[in-house]
Amino acid sequence: MIPTSYEGFVSGFRWRIPEHYNIAVDVCDRWAAADPTRPAILDVDPAGRVETWSYAALAEASNRLANGLRAHGVRAGDRVAVLLPQSPAVVVAHLAIYKLGAVALPLAVVFGPEGLLHRLSDAGATAVVTHAGGVAKLATLRDALPGLALVISTDGAGDGALGYADLVGAASADFAPVDTRADDPALMIYTSGTTGPPKGALHGHRVLLGHLPGFSMMHDFMPKPGDRMWTPADWAWAGGLLNALLPSLHHGVAVVARKAEKFDPEEAFRLMADLAVANAFVPPTALRMLRIVEEPRRRFDLRALRTLASAGEMLGPETFHWAEQALGLTINEAYGQTECNLVLASCAALGVARAGSTGRPVPGHRVAVIRPDGSPAAVDETGQIAVARPDPVMFLRYWNDPEATERKFVSDGVSADWMTTGDQGRMDADGYVHFVGRDDDVITSSGYRIGPGEVEDCLLRHPAVALAAAVGKPDPVRTEIVKAFVVLRPGHAASDALAAEIQAFVRTRLSAHEYPREIAFRTSLPLTTTGKIIRRVLRDEA
């Protein structure tokens, strides 16, 4: 039954986590048994042709791959990497790994050799499913990865890799999934590395169940007739995998897969129109790029688009209001981390959506803003966002790093053991949480603490600005000054006069201590594979 109020949703919510649970059985096999021809993946090629994969097709292919992996020595608990762009093969690989009781290690195809080496070595991966591009990257790393015994390529055998089609074609279509417990390891996602070396966050099968209430809020209580999901986010990211792909399949909702070298806002609108996408999960940086497209509702048939959700970094009021005006939609913003995702969310259907806020605590999760000693911060007092354990969406531990796991938690000494996030925020009197910035990103200037998100949102209101990032630059008088890195919209040229105009624009709208005293024009900003701005790179440059 769909709740009619946030309060009713909270009061009526209870976790029902079974003792035994397997992600693959839940998101695929049960649908394959009940409705075999039901569409699961709509794979779009560069020419726009669509290949539909049913749940039955996914179940058979993943059974075959599970048998193939087992025949080559992969066992329960082994880490198996998936290094592929959005495609049915990604889904098949994840399902096969879960059925084996092994641990899926999703890796973004944009990772270079150093990024891959760190993750594959640290995880002790024994196998990887990839394509020709991944095989080429791995060729220089194999000597440094003695434990990586099996490489499978979707582009065929060669260069030390087995052919995916050969392996799957020769294996049996019958496979009995391991009867995993909900707490058994299923998935390890490395943190995005915005503030330090990436760490492997190990999750149990229950992590998907932990995402479902927040996912329901983000998409105004999916499933509804006509629902169809698409995200430009890499399925190797927690957002793409757990905020879009797997929860949609859990609900029997088809997911659009589209390989893309880079995000193209025109192509994004065209894809949503052509495929009648009803539910989109679009990270904030990509949403800001969509703002460049003029009159999207006039130029593209977006009548099917029912929900628009976002997470990953601060969205900001400017983009929130743009979506209302340009698309007629309220962006349902959400918050979480690789370690404990989707614990705050907005929901337009419940009237829980406020510009500048990332939402309210999702039912089933205890979220607070705390002081360094673990005590709760006062209303509107800035502190650290934290989540109480136990929580089914929370990670089991950091891989190979018990000390970092222990440092992640703080007790208030009374009633809660809090997982700290390293994110600064404040909670208003109505229970909405407002994201301020990462601990390292908050700027201290003349005694003021300045969140970069507010400055960046104001910069985006200037008609010449497409993207912006604000960081603190050391200053002998003010401790730090605000420095902005700006990417301009087409038709605007960098100049001292434009920089002065942008500075005055922000100063008159925020305050004298928050405006950027320096502006640097860039053609692009450094981003993680998840689309977050890597401010430490910009701080080093500043």
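Not measured: the values here are computed from a predicted model.

Concerning empty space enclosed by the protein
One pass over the structure, following the stated rule, counts 2 cavities of 30 Å³ or more. Roughly 60 Å³ of internal volume is contained in the largest cavity. Taken together, Thr 285, Arg 288, Leu 467, Ala 468, Leu 525, Leu 527 and Ile 533 make up the full set of residues lining the largest cavity. Among the secondary structure elements, those contributing two or more residues to the lining of the largest cavity are α11 (284-290) and β25 (465-475). In the lining of the largest cavity, the residues fall into 5 nonpolar, 1 polar and 1 charged. Lining the second largest cavity are Val 82, Leu 84, Val 90, His 94, Pro 106, Leu 107, Asp 234, Trp 235 and Ala 236. Secondary-structure elements contributing two or more residues to the lining of the second largest cavity are α4 (88-100) and β4 (103-107). Its residues placed into classes, the lining of the second largest cavity shows 7 nonpolar, 1 polar and 1 charged.

Brief notes about the layout of surface pockets
Regions of empty space are outlined by a rolling probe, equal in size to a water molecule, passed over the atoms. There is about 1300 Å³ of room inside the largest pocket. As for the largest pocket, its lining consists of 42 residues, of which Pro 232, Ala 260, Glu 261, Lys 262 and Phe 263 are closest to the centre. In terms of residue count, the dominant contributor to the lining of the largest pocket is helix α10 (residues 265-274) (4 residues). Of the residues in the lining of the largest pocket, the class split is 25 nonpolar, 10 polar and 7 charged.

Brief notes about the packing of helix α2 (residues 23-34) against α4
Packing of α2 against α4 leaves a shortest axis separation of 8 Å and a crossing angle of 125°. One finds that α2 runs oblique with respect to α4. The two elements α2 and α4 meet at a crossing, and its hand is left-handed. Along the contact surface, α2 presents Ile 23, Ala 24, Val 27, Cys 28 and Asp 29, while α4 presents Leu 95, Tyr 98 and Lys 99. Of the residues that constitute the contact of α2 with α4, the class distribution is 6 nonpolar, no polar and 2 charged.

Quick word on unusual backbone geometry
In this structure, the amide linkage connecting Met 222 to the following residue, Pro 223, adopts the cis form with an omega of 5°. Backbone torsion omega between Arg 389 and Pro 390 reads 5°, so that peptide bond is classified as cis. By the secondary structure assignment, Pro 390 is in the loop between β18 (383-388) and β19 (397-398). A positive phi angle, near 55°, is found at Asp 159, a position not held by glycine. You can see Asp 159 is positioned in the loop between β6 (150-153) and β7 (162-163). Of note in the backbone geometry, Ala 276 takes a positive phi value of approximately 50° without being a glycine.

Considering the sheet that holds strand β26 (residues 479-488)
Spatially, β25-β26-β27 is the arrangement adopted by the 3 strands of the open sheet, whose pairing is mixed. Pairing within the sheet leaves two strands with one partner each, and these edge strands are β25 and β27 (518-521). On average, adjacent strands in this sheet sit at an angle of 25° to one another, irrespective of strand direction. The pairing of β25 with β26 spans 10 bridges and is classified as antiparallel. Pairing of Ala 468 across the sheet is with Val 486, part of β26. Contacting β25, β26 and β27, helix α16 (residues 496-509) crosses the sheet at an angle of about 130° to β27.

Side note on the state of the cysteines
Here the structure, examined in full by the defined rule, presents 0 disulfides. Cysteine Cys 347 shares no disulfide, and the gap to the nearest cysteine sulfur, in Cys 340, comes to 20 Å.

Thoughts on the pattern of salt bridges
Where side chains of opposite charge bring their charged atoms close, a pairing between them can arise. Inspection of the entire model under this criterion finds 27 salt bridges. A salt bridge links Lys 408 to Glu 339; the shortest N-O distance between them is 3.8 Å. Placement of the pair is Lys 408 in the loop between α14 (402-407) and β20 (409-411) and Glu 339 in the loop between β14 (331-335) and β15 (344-345), with a sequence separation of 69 residues. Owing to a relative accessible area of 10%, Lys 408 belongs among the buried residues under this scheme. Ionic pairing is found between Arg 522 and Glu 541, a salt bridge with its closest N-O pair at 2.9 Å. Of this pair, Arg 522 sits in the loop between β27 and α17 (535-541) while Glu 541 is found in helix α17, placing the two residues 19 residues apart along the sequence. The class of Arg 522 is partly exposed, set by a relative accessible area of 26%. Classification of Glu 541 as partly exposed rests on a relative accessible area of 44%.

Points about the pairing of β6
Going residue by residue along β6, you find Leu 150 and Ile 152 tucked away on one face and Val 151 and Ser 153 tucked away on the opposite face as well. Note: strand β5 (residues 127-130) against β6, 4 bridges, orientation parallel. When the sheet's bridge partners are listed, Ala 127 is paired in β6 with Leu 150. Tracing the backbone out of β5, into helix α6 (residues 132-139) and back to the parallel element β6 gives a crossover that is right-handed. With 2 bridges connecting them, β6 and β7 associate as parallel partners.

Things to note about helix α15 (residues 452-460)
Of all the 9 residues making up α15, 8 are buried; the element is thus mostly covered by neighbouring parts of the structure. Three or more residues of α15 are buried, namely Pro 452, Gly 453, Val 455, Glu 456, Asp 457, Cys 458, Leu 459 and Leu 460.

Observations regarding the packing of aromatic side chains
Taken as a whole and judged by the stated rule, the model has 9 aromatic pairs. Between Phe 9 and Phe 13, the ring centres sit 6.3 Å apart and the planes meet at 85°, which makes this aromatic pair edge-to-face. Phe 13 carries the same exposure label as Phe 9, and that label is buried. With a centroid separation of 5.5 Å and 70° between ring planes, the pair formed by Phe 9 and Phe 221 is classed as edge-to-face. Placement of the pair is Phe 9 in helix α1 (residues 6-11) and Phe 221 in the loop between α8 (206-218) and β10 (229-230), with a sequence separation of 212 residues. A relative accessible area of 11% places Phe 9 in the buried class. Taking relative accessible area as the criterion, Phe 221 reaches 8% and is therefore assigned buried. Members of the aromatic cluster, connected to one another through ring pairs, are Phe 9, Phe 13, Trp 15 and Phe 221. A cation over a ring is seen here: Lys 199 above Tyr 398, with NZ or CZ 5.2 Å from the ring centre.

Each value, and the rule that gives it
- Residues numbered from 1 in each chain as written.
- Predicted model: local features only at pLDDT ≥ 70, side-chain atom pairs only at ≥ 80, totals over all residues.
- Heavy atoms only, no water.
- 1 Å grid on protein atoms, 1.4 Å probe; cavity = no way out; pocket = protein on both sides within 12 Å on 5 of 7 lines; lining within 4 Å.
- Points joined across faces, edges and corners; volume = space filled by probe spheres on them.
- Helix = DSSP H or I, 4+ residues; strand = E, 2+ residues; numbered from the N terminus.
- Nonpolar A, V, L, I, M, F, W, Y, C, P; charged D, E, K, R; others polar.
- Axes fitted to C-alpha atoms, helices over the stretch in contact; angles between N-to-C directions.
- Parallel < 35°, antiparallel > 145°, perpendicular 65-115°, else oblique.
- Left-handed = near helix turned anticlockwise from the far one by under 90°.
- Contact = heavy atoms within 4.5 Å.
- Pairing = 2+ DSSP bridges.
- Disulfide = S-S within 2.5 Å.
- Salt bridge = Lys/Arg side-chain N within 4 Å of Asp/Glu carboxyl O.
- Buried < 20%, exposed > 50% of the residue type's maximum accessible area, 1.4 Å probe, protein only.
- Right-handed = clockwise from strand over helix to strand, strands pointing away.
- Phe/Tyr/Trp six-rings, centres within 6.5 Å; stacked < 30°, edge-to-face > 60°.
- Lys NZ or Arg CZ within 6 Å of the ring centre and 35° of its normal.

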